[in-house]
Amino acid sequence: MLDGWVRRRVLWYLRRGYVKKMSEKKIGKCTRCGTCCMGCPAYDKQGEKCRIYRLRPNICKAFPLTPDDNIKIKSCGFSFKE
C-alpha cells in the first residue's frame, strides 16, 4: 500500500504530462465503494466515508492516475482505454 502511495505522488508531482495523458484514457465514474480510500487517514472506517471529501486534494480527485492504481480494485467504476 505504501509503495502505491509513493508511486502516485512521484507521478503526480514529477510526471504530470504522463498523468494528463492517462487521464484522457480514463473512462467510467466513481462507484464510491471506498476501496481505494481504506488506507487514507481521512477515511472514516466506521462511517465508511471520507471525512474531507469536499476539501480532498486534487490527487484524490484524479484517482486512479494509471491502470496500476485500480488493478486490484474489482468494484472500481474506472477503467482505461488501450
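Residues numbered from 1 in each chain as written. Predicted model: local features only at pLDDT ≥ 70, side-chain atom pairs only at ≥ 80, totals over all residues. Heavy atoms only, no water.

Some remarks on the overall build of the protein
When its secondary structure is counted, the protein shows three helices and four strands. In terms of overall size, the protein behaves like a compact globule, its C-alpha atoms giving a radius of gyration of 13 Å where 82 residues would be expected to give roughly 12 Å. For the protein, the spread of C-alpha atoms along the three principal axes comes to 35 × 25 × 25 Å. When the 82 residues of the protein are sorted by exposure, 26% land in the buried category. (Helix = DSSP H or I, 4+ residues; strand = E, 2+ residues; numbered from the N terminus. Rg over C-alpha atoms; globule rule 2.2 N^0.38 Å. Buried < 20%, exposed > 50% of the residue type's maximum accessible area, 1.4 Å probe, protein only.)

A closer look at unusual backbone geometry
In most cases, non-glycine residues show a negative phi, while peptide bonds are predominantly trans. In this structure, the amide linkage connecting Phe-63 to the following residue, Pro-64, adopts the cis form with an omega of -5 degrees. Its place among the elements puts Pro-64 in the loop between α3 (58-61) and β4 (78-80). Even without being glycine, Glu-48 reaches a positive phi, approximately 50 degrees. Relative to the helices and strands, Glu-48 resides in the loop between β2 (43-44) and β3 (49-50). The exposure class of Glu-48 is exposed, given its relative accessible area of 62%.

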